[in-house]
Amino acid sequence: MEQYQIVPWDDLSSDESMRSFNLEQYVPPEVEKLAYEVMKSYDMSVSGMTLITSKPDKGGAIWRIETNRGPRSLKVLHRTPQRSLFSVGAQEYVVSKGARVPGIILTKDGRNSVEAGGKLWIVTDWIDTLTPVMKIDLEGARTLCHGLGEFHQWSKGYEPPAEAGKSSRIFKWESQYQKIMTKIGWFRHIANAYPNTEASGHLLSVLDTFEGQARDILKRFQESAYKRMVAKGEAHWGLAHQDYGWSNGQMGPGGIWVIDLDGVAFDLPIRDLRKIITSTMDDMGAWDLEWIRGVIDAYHSANPLDQETFELLWIDMAFPNEFYKHVKEVVFTPVEFMNTELNAILDRVVATETNKWDVLRELEKDKTKYAAGDYPDVTAAPSGPYRYKDYAKEGAAPIVEIPGSKRKRKDKDKGDAIRIVLNPDGKAKIIPGGETPRKLSKKEEKKLAKKEEKKLSKKQLKKLSKKELKKLSKKEEKKSSKKELKKLSKKELRKLQRSEQLASQEGLAVRKPEKAVSPLRQPVKAVAPERERMKRYKYRTEPAAVKPKSGKPSAGSGQKSRSTAAGSKPLKRSTSTSKPGAALKEGLKKAAGGGRTRPAWNKGKKKVGVKLYLTAYRDSKSARRTGLEHFDDLHGEAAGTEY
């Protein structure tokens, strides 16, 4: 069960055998097997299982299961297990507060979920009697929004489990507006980049209007009470559904039931209300003041609004969210989208805008109907205990000094300062004495370490004597020379080595070959003068001629073959486990004059050829592989001589 990892299966649409399938009514067989394994963790017997819907692009699914305890819902949540724990905990919390939300069934060992295939699975109650309310009818919309206000009221005070991945959008409002403004700028670049598409000119003609709206509303948002409001903290505002609508809020026993809580997150709850209003106005094709006032009043009766919250709702409705939502597809498929769909979309959006601002100006007057909220001024945006790395945008939490604490303003040492950090819920946390040091980056740590090394080295130099200073300077010279050598290229290093060898060997040193290659594979080259002299060289041995093994005189009639010099027996290749070439070296010594010592061996210019050969032989792996044939080729000896 743990080996298979659930991944999106929407790529199956490219398979010809799957094109006839509706992937939203299909799950891979491996996922279905996991579902049966998960159900074994619950105290129930399953007699039937029906797939309700799936999310092939995300890897989620919902089944209705028939059990001995009544119908239930089995669901695999498509988000990460940590993120899903946040929503499962939220669902349990609102149910405990009395919310009309399907209850979560616990496993045999008391857990609220099961992890399998890299996803979290839950089993909940199945509510049979749920029915959607009328979408366009004002009474149905009022009912839907009253249920939304109830859900927001029940969600206040939620604290997620410690192991859950926290999800919050409460601090992201300004960054979301700025992102939309940036994307609108992208639309302009795309329209200019594809001027021959059908909707390019149409898009350019409306961009100035929507871009101006976004800029003006962002300025008004920055002047609003937003920063003072979010300072109240996440638990004060509770959860927003993020996907609330006509399918996820349905009429059931006692009122509206809220389902599909997978995406809940901490947020200002009016974001859900704004989405319902603007999307419905877009569907209607015009803004309806009576409809908007009706749903706001219904929401207010369940979750009371204040002046500051109403103003933020108005700002969010005025921002061109619907324009961005419909046009953002141009970023992904610009040519196809502008040639097929964009013209009709722009016509509808522009038509809806004709009375939008008249309605909003009239609606703005309703602000006085609501009481002012209690939002004290803050000197900085919320941070500290409620700053999370994935969404916090502003600076540090407000710091208040305790009156009477002795602290010198001009003194750099702040170790005696006592601080109070204000939490979002209004409680204060006292931090005695000292500032919490900021964690240094790796670059800063390296710079600090180098500074400390320099300080230490200066102190140590002062304590050293003259002799120690000289030694130290020599070491530094060697280090610097090594550094310089490292900087040299390969060609420069070869030139340097060659010049040093010639200077030390007085022109007799043989440069080590760059890459040893068998002489049998080397191309024919002109023979160097040195090799000509070596070819003409004759080893001086006893005058008596000795026949070679073949019985025929050797090629050089005035000299003995080296293999039979001084009546010695022919040399044979060594078969011992000693170093390769040891027997060969010994044979060469005997051929050149017997068992002379090394000083005697090195004497005389006439032995230079043998000495040079031995040096090349020792340094070249190729010579060891080719054996005496290399020697014969180098010195011009007769072929076929046996050693």
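The structure we're discussing is the one just above.
Since we're looking at a predicted model, the values are computed, not measured.

Draft legend 1. Representation of the overall build of the chain. Tallying secondary structure elements over the chain gives 23 helices and twelve strands in all. The proportion of buried residues among the 643 residues of the chain is 39%. For the chain, restricting intrachain contacts to residue pairs at least 6 apart in sequence, the fraction spanning at least 24 positions comes to 68%. Carbon and sulfur atoms make up 52% of the accessible area of the chain, which totals about 38,800 Å².

Draft legend 2. Expanded view of the environment of Pro8. Looking at the secondary structure, you find Pro8 in the segment before helix 1 (29-39). For the pair formed by Pro8 and Pro28, sequence separation is 20 residues and the distance between their alpha carbons is 9.8 Å. When residues no more than four places from it in sequence are discounted, the contact partners of Pro8 are Pro56, Asp57, Lys58 and Gly59.

Draft legend 3. Molecular detail of a positive patch on the surface. Where like charges cluster on the molecular surface, the positive patch consists of Lys443, Lys446, Lys447, Lys450 and Lys451. Following the sequence through the fold, Lys443 ends up in helix 15 (residues 442-463).

Draft legend 4. Seen up close, the sheet that holds strand 4 (residues 114-116). If you walk across this open sheet you meet the five strands as 1-2-3-5-4, and the pairing is antiparallel. Each of the sheet's edge strands pairs with one partner strand only, and the pair in question is strand 1 (46-55) and strand 4. Shown here is a sheet whose adjacent strand axes are inclined to one another by a mean of 25°, direction ignored. Where strand 4 meets strand 5 (residues 119-125), three bridges bridge the pair, whose relative direction is antiparallel. Its bridge partner lying in strand 5, Glu115 is registered against Leu120. Contacting strand 3 (70-77), strand 4 and strand 5, helix 2 (residues 81-96) runs over the sheet at an angle of about 20° to strand 5.

Draft legend 5. Inspection of the packing of helix 10 (residues 307-318) against helix 14 (residues 356-363) at higher detail. Interhelical geometry of helix 10 versus helix 14 gives an angle of 175° and a closest axis separation of 11 Å. When the axes of helix 10 and helix 14 are compared, the pair comes out roughly antiparallel. Taken together, the residues of helix 14 that come into contact with helix 10 (itself represented by Phe310, Trp314, Met317 and Ala318) are Lys356, Trp357, Leu360 and Leu363. A breakdown of the residues in the contact of helix 10 with helix 14 according to their chemical character gives seven nonpolar, no polar and one charged.

Draft legend 6. Inspection of the side chain of Lys75 at higher detail. Residue placement: Lys75 occurs in strand 3. Polar side-chain contacts of Lys75 include one of 2.9 Å to the side chain of Asp260. Reaching out from Lys75, the side chain makes a polar contact with the side chain of Asp262 at a distance of 3.0 Å. Residues in contact with Lys75, not counting those within four places in the same chain, are Ala61, Ile62, Leu120, Trp121, Ile122, Asp260 and Asp262.

Draft legend 7. Inspection of the side chain of Thr124 at higher detail. For Thr124, the location among the structural elements is in strand 5. Excluding residues within four positions of it along the chain, Thr124 makes contact with Arg72, Ser73, Gln91, Pro102, Gly103, Ile104 and Ile105.

Draft legend 8. The arrangement of a negative patch on the surface in detail. Together, Asp10, Asp11, Glu24 and Asp57 make up a region of like negative charge exposed at the surface. Here Asp57 is to be found in the loop between strand 1 and strand 2 (60-67). Its relative accessible area of 48% is what places Asp57 among the partly exposed residues.

Draft legend 9. Molecular detail of the nonpolar core. The biggest cluster of nonpolar side chains holds 89 residues, and the ones touching the most others in it are Phe187, Leu203, Ile277, Trp291, Ile292, Ile296 and Phe323. Here this core takes eight residues from helix 5 (residues 200-222), the largest share from any one element. Filtering out sequence-adjacent residues up to four positions away, Ile296 remains in contact with Leu273, Ile277, Leu305, Phe310, Leu313, Leu363 and Tyr370. Counting 23 residues, the second largest nonpolar core, distinct from the first, contains Met39, Ala61, Trp121 and Val123.

Draft legend 10. Main features of the pattern of salt bridges. The full count for this structure, using the stated rule, is 24 salt bridges. Where Arg64 meets Asp128, a salt bridge forms, and the shortest distance between an N and an O atom there is 2.9 Å. Here Arg64 is found in strand 2, whereas its partner Asp128 is found in the loop between strand 5 and helix 3 (138-155), with 64 residues between them in sequence. The partner of Arg361 in a salt bridge is Asp358, and the shortest N-O contact between them spans 3.0 Å. Highlighted residues: Arg361 and Asp358, both in helix 14, separated by three residues, approximately one helical turn.

Draft legend 11. Inspection of the environment of Gly48 at higher detail. Secondary-structure assignment places Gly48 in strand 1. Residues Gly48 and Arg64, 16 residues apart in the sequence, show an inter-C-alpha distance of 8.2 Å. In this structure Gly48 touches Arg64, Ile65 and Glu66, once residues within four positions along its chain are discounted.

Draft legend 12. The packing of helix 8 (residues 270-284) against helix 9 (residues 289-302), seen in detail. Interaxial distance between helix 8 and helix 9 falls to 11 Å at its minimum, and their mutual angle equals 160°. Judged by the inter-axis angle, helix 8 sits roughly antiparallel to helix 9. The interaxial crossing formed by helix 8 with helix 9 has right-handed handedness. Where helix 8 abuts helix 9, its residues Leu273, Ile276, Ile277, Thr280, Met281 and Met284 lie against Trp291, Ile292, Val295, Ile296 and Tyr299. Looking at the contact of helix 8 with helix 9 residue by residue, the classes come out as ten nonpolar, one polar and no charged.

Analysis parameters
- All residue numbers refer to positions counted from 1 along the written sequence of the respective chain.
- Totals for whole chains, interfaces and linings use all residues, but because this is a predicted model, local features are given only for residues with pLDDT of at least 70 and pairs of side-chain atoms are given and counted only at 80 or more.
- To get the side-chain values, all heavy atoms of the structure are used, and hydrogens and water are removed first.
- In this text, helices come from DSSP runs of H or I with a minimum length of four residues, and strands from runs of E with a minimum of two, each type numbered from the N-terminal end.
- For each residue, the accessible area found with a 1.4 Å probe, counting protein chains only, is set against the maximum for its type, and the residue is called buried under 20%, exposed over 50%, and partly exposed in between.
- Between two residues, a contact is recorded if the distance between any of their heavy atoms is within 4.5 Å.
- A 1.4 Å probe and the Shrake-Rupley method give the accessible areas. Residues count as covered only by the protein chains that appear here.
- Excluding any residue in a salt bridge, patches collect residues exceeding 30% relative accessible area, merging like charges within 9 Å and nonpolar Val, Leu, Ile, Met, Phe, Trp and Tyr side chains within 5 Å.
- The term salt bridge refers to a pairing of a side-chain nitrogen on Lys or Arg with a carboxyl oxygen on Asp or Glu at a separation within 4 Å.
- Neither His nor the chain ends is counted toward charge; the positive residues are Lys and Arg and the negative residues Asp and Glu.
- Every charge is mapped to an atom, namely NZ of Lys, CZ of Arg, CG of Asp or CD of Glu.
- Two strands pair under a simple rule: DSSP has to find at least two bridges between them.
- Every angle, taken between N-to-C directions, lies between 0 and 180 degrees, and every axis is a line fitted to C-alpha atoms, over only the stretch in contact when it is a helix.
- Angular relationships are summarised with four words: roughly parallel below 35 degrees, roughly antiparallel beyond 145, roughly perpendicular across 65 to 115, and oblique for the angles in between.
- Throughout, the ten residues Ala, Val, Leu, Ile, Met, Phe, Trp, Tyr, Cys and Pro are labelled nonpolar, Asp, Glu, Lys and Arg are labelled charged, and all others, Gly among them, are labelled polar.
- Two N or O atoms count as a polar contact when they lie within 3.5 Å, although within protein this holds only if one can serve as hydrogen donor and the other as acceptor, and sequence-adjacent residues are included solely when both atoms are side-chain atoms.
- Joining through side-chain atoms within 4.5 Å is the link that ties buried Ala, Val, Leu, Ile, Met, Phe, Trp, Tyr and Cys residues into a set, and such a set is a nonpolar core.
- Put simply, a crossing is left-handed when the front helix is turned counterclockwise from the back one by less than a right angle, and right-handed when it is turned clockwise.

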